[in-house]
Amino acid sequence: MKKLFISLSAILTLVASMLPAVLARAAEGPLDSVTISPVSALVAVNGTQQFTATGKDAANQTADNVTYTWAVMAGGGTINATSGLFTAGNASGTFNGTVQVTAVQGNITKTANAGVIVAVPGHLNSLAVSPAAITIPVNGTQQFTAVAKDA
């Protein structure tokens, strides 16, 4: 009888610890909004930028079963419709609201937009090589890295 009581007590403790999470999940409402990140991005000509989106319910909880589709609305480059990876074009410019995500949950649709500035990198201003100094034995190897920066 004592073992049964201890087992029942352990089960009740486990259920009680899980109950808030279960209730929180059950309390989630339908899709109310979608946010896009970053809301603006500076991307080098022909460079890439990963965008992400999050659907939320009215209580600002992450919504489940949301499908996201990405599109470019006002030029500046292309975007992978399913992953949100933006690839800048070869012309610089400011493209306000050009990246759009559409979030769909059942028959509810929400959208959000982000701007992109496509820029030509400046002229080379500095070059840093690392490590700066090292002794390499005969027939030895050493990996170096270089970082080029504009002004």
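We now turn to the structure provided with this report. (Residues numbered from 1 in each chain as written. Predicted model: local features only at pLDDT ≥ 70, side-chain atom pairs only at ≥ 80, totals over all residues. Heavy atoms only, no water.)

## As for the packing of aromatic side chains
If you walk through the whole model with that rule in mind, you get 2 aromatic pairs. Note on Phe51 and Trp70: the rings are 6.4 Å apart at their centroids and 40° apart in plane angle, and the pair reads as tilted. Note that Phe51 is positioned in the loop between β3 (48–50) and β4 (52–56) and Trp70 in strand β5 (residues 67–72), a separation of 19 residues in sequence. In this pair, the class of Phe51 matches that of Trp70, namely buried. Ring centres of Phe51 and Phe86 lie 6.3 Å apart, and the angle between their planes is 90°; on these two criteria the pair is classed as edge-to-face. One end of the pair, Phe51, is in the loop between β3 and β4; the other, Phe86, is in strand β7 (residues 85–88), with 35 residues separating them in the sequence. A residue is classified by how much of its surface remains accessible, and Phe51, at 1% relative accessible area, is buried. We classify Phe86 as buried; its relative accessible area is 0%. One aromatic cluster is present, built from ring pairs that chain together Phe51, Trp70 and Phe86. (Phe/Tyr/Trp six-rings, centres within 6.5 Å; stacked < 30°, edge-to-face > 60°. Helix = DSSP H or I, 4+ residues; strand = E, 2+ residues; numbered from the N terminus. Buried < 20%, exposed > 50% of the residue type's maximum accessible area, 1.4 Å probe, protein only.)

## Topic: a nonpolar patch on the surface
A surface patch of nonpolar side chains, amounting to about 550 Å² of accessible area, comprises Leu124, Leu127, Val129, Ile134, Ile136 and Phe144. Along the chain, the position of Ile134 falls in the loop between β10 (124–130) and β11 (145–150). (Patch = residues over 30% accessible without salt bridge, like charges linked within 9 Å, V, L, I, M, F, W, Y side chains within 5 Å. Areas by Shrake-Rupley, 256 points an atom, 1.4 Å probe, with all protein chains shown as cover. Salt bridge = Lys/Arg side-chain N within 4 Å of Asp/Glu carboxyl O.)

## Here's the deal with the environment of Ala53
Looking at where Ala53 falls in the secondary structure, it is placed in strand β4. A residue is classified by how much of its surface remains accessible, and Ala53, at 19% relative accessible area, is buried. Along the sequence, Ala53 and Gln100 sit 47 residues apart, while their C-alpha atoms lie 9.9 Å from each other. Setting aside its immediate chain neighbours within four residues, Ala53 contacts Val34, Thr35, Ile36, Tyr68, Trp70 and Val101. (Contact = heavy atoms within 4.5 Å.)

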